[in-house]
Amino acid sequence: MRRISVDGASMGARGLWLSLAWLGASTALGCGRREALPASQDPGAERPAQLAPPAQPEEPAAPLQESRVERDGLSIAFALRPLDRGQQGGGTGLGAAPAAAVAGSDVVAEFTITDASTGAPVRGLTPLGWMSRRAGADGAAAARFSGGAPAASLASGAPAASLASGAPAASLASGAPAASLASGSSAASLASGAVDAVPDEAACRGKIKSFMAGLLSVRPEVDMNAYLLWTLNQDNTLSAINPQVALARTQLRSVVSLAGRGVSFVMHPDRESLYVTLRGGHGLAVVDTRRGLVRTNVPVGQDPSRVVVAPDGRTVWVGNDGDGTVSVIDARSTDVLKTLPVGPGHHEIAFTGGGRAAWITSQQGESVAVVDGETLEPLGEIAVGEGVVSIAASDEAGVVHAANAARGEVVILDVARRAVAGRVALKAGLGALQFDPRGRFSFALNPSANEVAVLDGATGAVAHTLTGLAAPDAVTFTGSFAYIRNRGAARVSLVDRSALGGPAAPPLVDIAVGQGPPLAAAAPPGPAALATPIAPLPEGNGALVASPADKALYVYVEGMMAPIGTLPSYGREPRSILVEDRSLKEVRPGVYATTVRLGEGGLYDVELLLDRPRTGVCLEATVAPARCAPGDGEADASGCGGDPVKDIAIAPLFEPDLRLAAGEPATLRFRATAGEGGPPLDALDAEDIEVMVVRFPAGYRFRGAPRAEGDGTFSVAFTPPAPGQYRFLAAVPGRGAPVGALPFVPLRVSARGAGAQGGGAR
């Protein structure tokens, strides 16, 4: 067959996300009148413990603050809301509502866009949003508020300010009357410091254009168009990498420590949870993507490997290779709903009918089991022969394909009749099998024969045979191409999907990726088909490729001759990769929201760009300073001078200024008490506590979930990656103590073998 080889060295790191250019520079931008909106209260709701009907959309949590602007016939409201509904409520115990949007905290940023005259929601938009801190708006000068008050800061006794459209910030002294400012006024000074003016139309236009251009010198503090890359590594960790950080010292957002070595992982459609199967009897880890820590470990069967989420998002299915079962878990409550006996050996799972039926293989069994996706009752078994290693389904073609590695054949199963419709003889050694997104063609990869068979889903015949590959073991699709990883070579082979319907086999386009082939790295746990080393770019015009041999991630955009950039994996071997899209999404009619991490305290401009009509507006928000920010204070100080949080204290059970060794695991123990010297908080669960270890002054950041040891004592396992100064921080967000609110404890990490002290309990 024809073959096109494209060689080239990887270019240096550049701007990675290019798809924003379609909006153009001729956008009609402007700033409008800001108007405070009252905060509303909404009670929380308990999560069901059993599988329930699809959940209805919940009412949003009460906003921490809101602002509004009217522009071009649209009414646009912006709100910052608590991350969880469980944070709503009164009192000072668990579940207390936060008083403000606090620096460094995770919140929901939400735009509500309606028709200004009718109030009808405006649907189907693709908005882009940013938050930029206003110059001079430090924590002291920032507006302060509580319980959902407006963003404007008024000194004691001052009535509300009236701001005209586009007016700069008001200057209000203690007891001053309401201020009315005309457009073009100079920047006003708040009681404790001067801040820049509210941007006028030209300034608003300029800020949005600069953000759209991706200038390294002009970066917003909060980007609502962000993506995170999650990698499953070889060393019992997950890494969350922000590829859009250009000027920071590290793009590593967090490292999640797992109880065992990860085998495979999958992300829930709501982007709030990752599910990771673990070796060593540790079950299934449920990772909170917002907070970057393990929420819980769910006990399942022996040797769990493949994990998938049902198409409706209600259940998670785990294949237990060690005991011949599949565990079905409620995605909301994480309860095990049922354990299905399906046969011995490795299991793969596919769904048909939008999740109405699950098809489960057993490599050492003779049959494919079919299970009702709603009732979890068996629908039957189909004899296919021993040796099936992968399975894929197409609702479009009404068939399921099962690859038998030992026999070298693909068994075609008729979905309607639940029976064998045919067998396609190929070569022994088949591995991964997957349908393209349209369900027309299935790709049967054969790493032993160095080829890929492309089967027509409608006829079951072999449409094409792609040869000359080097141990192909994984395939991923974009709108235009199929991406095939060569485990035996440092290249990815692209197949033009539009040519698959023709009589001739499409040519392979080889893209050189990295220096070493994937097989140069240590073999991953479990079957090779579990790896997902290629992930499509969110724009759909390229892919991210994980290279365990190079310990790096490569970014390729279609049409280029080589990857356009390289992202480090910080010394870890990335086995699999997923992309978490954190951009604004329409969560309810006319409501566009995403989760963001706030920057330092101060006044912020909120920039929004709409595609229909092409218009831009600027609103504003206020971020309260954290009581004890991780970057404040002296490096060797035990705390940073903030006021202690009432009703809770964290007492470390290790020596102050503890010295650890780089690369050596340590167990850090601490006790949570009811205030300084108070009794242990026995009612506090490990899942209520967050632990962070940061390298001072900037760089590595570890987030982990502690383990309860009883009597109010908790522990967390931490392995420092390199020598340096670190800070241990504990947080209890439900008690009004986010990360940074409680005093930190310094840690010193020496080079391995330098005589560092071991960590542990006193």
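Keep in mind that what you see is a predicted model, and the values were worked out from it rather than measured.

1. Some points on the overall build of the protein
Next up, step 1: Counting its secondary structure elements, the protein contains 1 helix and 56 strands.
Next up, step 2: Within the protein, the fraction of its 762 residues that count as buried is 53%.
Next up, step 3: Long-range pairs, those at least 24 residues apart, make up 58% of the contacts in the protein with a sequence separation of at least 6.
Next up, step 4: Counting every atom, the protein has about 29,600 Å² of accessible surface; 51% of that belongs to carbon and sulfur.

2. As for the nonpolar core
Inside soluble globular proteins, nonpolar side chains tend to come together where they are buried.
Next up, step 1: Ranked by size, the top nonpolar core spans 41 residues in total, and within it Leu668, Phe718, Phe728 and Leu747 carry the most contacts.
Next up, step 2: It is strand β50 (residues 666–673) that provides the largest number of residues to this core, a total of 4 residues.
Next up, step 3: Other than its neighbours up to four places away in sequence, Phe718 contacts Leu660, Glu664, Pro665, Ala666, Leu668, Val693, Tyr700, Phe702 and Tyr726.
Next up, step 4: Ranked by size, the runner-up nonpolar core spans 29 residues in total, among them Leu64, Phe78, Val107 and Leu608.

3. What to know about the sheet that holds strand β39 (residues 534–536)
Next up, step 1: With antiparallel pairing, the 4 strands of this open sheet are ordered in space as β39-β40-β41-β42. The open sheet has two edge strands, β39 and β42 (565–568), and neither has a second partner. In this sheet, adjacent strand axes meet at a mean angle of 20° when their direction is disregarded.
Next up, step 2: The pairing of strand β40 (residues 542–547) with strand β41 (residues 552–557) spans 6 bridges and is classified as antiparallel. If you follow Val545 over to β41, its bridge partner there is Tyr554.

4. Focus on the pattern of salt bridges
Next up, step 1: Taken as a whole, this structure holds 28 salt bridges when the rule is applied.
Next up, step 2: Salt-bridge contacts for Asp436 lead to Arg497; the nearest nitrogen and oxygen are separated by 3.6 Å. Taken as a pair, Asp436 in the loop between β31 (433–435) and β32 (441–446) and Arg497 in the loop between β37 (491–496) and β38 (508–512) lie far apart in primary sequence, 61 residues in all. Both residues of the pair, Asp436 and Arg497, belong to the buried class.
Next up, step 3: Salt-bridge contacts for Arg440 lead to Asp456; the nearest nitrogen and oxygen are separated by 3.1 Å. With Arg440 in the loop between β31 and β32 and Asp456 in strand β33 (residues 451–456), the pair connects residues that are 16 residues apart, well separated along the chain.
Next up, step 4: What you see here is one network of salt bridges that share partners, running through Arg134, Lys207, Asp605, Glu607 and Glu620.

5. Focus: the environment of Ala392
Next up, step 1: Relative to the helices and strands, Ala392 is located in strand β27 (residues 388–394).
Next up, step 2: Relative accessible area serves as the criterion here: at 7%, Ala392 is assigned to the buried category.
Next up, step 3: With 41 residues separating them along the chain, Ala392 and Phe351 place their C-alpha atoms 8.2 Å apart.
Next up, step 4: Among all residues touching Ala392, those that are not within four sequence positions of it are Ala350, Val399, Val400, His401, Leu433, Gln434 and Phe435.

6. Concerning the environment of Ala421
Next up, step 1: By secondary structure assignment, the location of Ala421 is in strand β30 (residues 419–425).
Next up, step 2: Each C-alpha atom, one on Ala421 and one on Val400, is 9.7 Å from the other, the two residues being 21 residues apart in sequence.
Next up, step 3: Setting aside its immediate chain neighbours within four residues, Ala421 contacts Ile412, Leu413 and Asp414.

7. Regarding the state of the cysteines
Next up, step 1: Applying the stated rule across the entire model yields 1 disulfide.
Next up, step 2: Paired through a disulfide, Cys204 and Cys618 show a sulfur-sulfur distance of 2.0 Å. As the torsion about the S-S bond is roughly 100°, the Cys204-Cys618 disulfide counts as right-handed. Of this pair, Cys204 sits in helix α1 (residues 201–213) while Cys618 sits in strand β47 (residues 614–623); the two residues are 414 residues apart in sequence, bridging distant segments of the chain. The residues Cys204 and Cys618 share a single accessibility class, namely buried.

8. Considerations on the sheet that holds strand β18 (residues 293–298)
Next up, step 1: Reading across from one edge, β15-β16-β17-β18 is the order of the 4 strands in this open sheet, with antiparallel pairing throughout. Each of the sheet's edge strands pairs with one partner strand only, and the pair in question is β15 (262–267) and β18. Averaged over all pairs of adjacent strands, the angle between strand axes in this sheet comes to 25°, irrespective of strand direction.
Next up, step 2: Relative to β18, strand β17 (residues 284–288) is paired through 5 bridges, and the arrangement is antiparallel. By the bridge assignment for β18, Val287 is matched with Val294.

9. Topic: unusual backbone geometry
Next up, step 1: Residues Arg612 and Pro613 are joined by a peptide bond in cis, for which omega reads -10°.
Next up, step 2: Relative to the assigned elements, Pro613 resides in the loop between β46 (602–611) and β47.
Next up, step 3: Although it is not a glycine, Asn236 sits at a positive phi angle of roughly 65°.
Next up, step 4: Here Asn236 is to be found in the loop between β12 (227–233) and β13 (237–241).

10. Some remarks on the pairing of strand β4 (residues 74–82)
Next up, step 1: Burial analysis of β4 places 9 of its 9 residues in the buried class, which makes it a mostly covered element.
Next up, step 2: Sheet topology places strand β3 (residues 65–71) next to β4; 7 bridges connect them, and they run antiparallel. Opposite Val69, over in β4, you have Ile76 as the bridge partner.
Next up, step 3: Here β3 folds back onto β4 in antiparallel fashion, the turn holding 2 residues, of which Asp72 has a positive phi close to 50°.
Next up, step 4: Pairing of β4 with strand β5 (residues 106–115) involves 9 bridges; the strand directions are antiparallel. Bridging from a neighbouring strand, Ile76 pairs with Ile113 of β5.

11. Section: the confidence of the model for the protein
Next up, step 1: Here the protein averages 78 in pLDDT, and 72% of its residues register 70 or above.
Next up, step 2: In this model, residues 2–50 is a region of pLDDT below 50 whose contacts with residues beyond four sequence positions or in other chains number 133 contacts.
Next up, step 3: The model gives residues 756–762 a pLDDT under 50, and that stretch makes 25 contacts with residues more than four places away or in other chains.

Conventions and cut-offs
Residues numbered from 1 in each chain as written. Predicted model: local features only at pLDDT ≥ 70, side-chain atom pairs only at ≥ 80, totals over all residues. Heavy atoms only, no water. Helix = DSSP H or I, 4+ residues; strand = E, 2+ residues; numbered from the N terminus. Buried < 20%, exposed > 50% of the residue type's maximum accessible area, 1.4 Å probe, protein only. Contact = heavy atoms within 4.5 Å. Areas by Shrake-Rupley, 256 points an atom, 1.4 Å probe, with all protein chains shown as cover. Core = buried A, V, L, I, M, F, W, Y, C linked by side-chain atoms within 4.5 Å. Pairing = 2+ DSSP bridges. Axes fitted to C-alpha atoms, helices over the stretch in contact; angles between N-to-C directions. Salt bridge = Lys/Arg side-chain N within 4 Å of Asp/Glu carboxyl O. Disulfide = S-S within 2.5 Å. pLDDT = per-residue confidence, 0-100.

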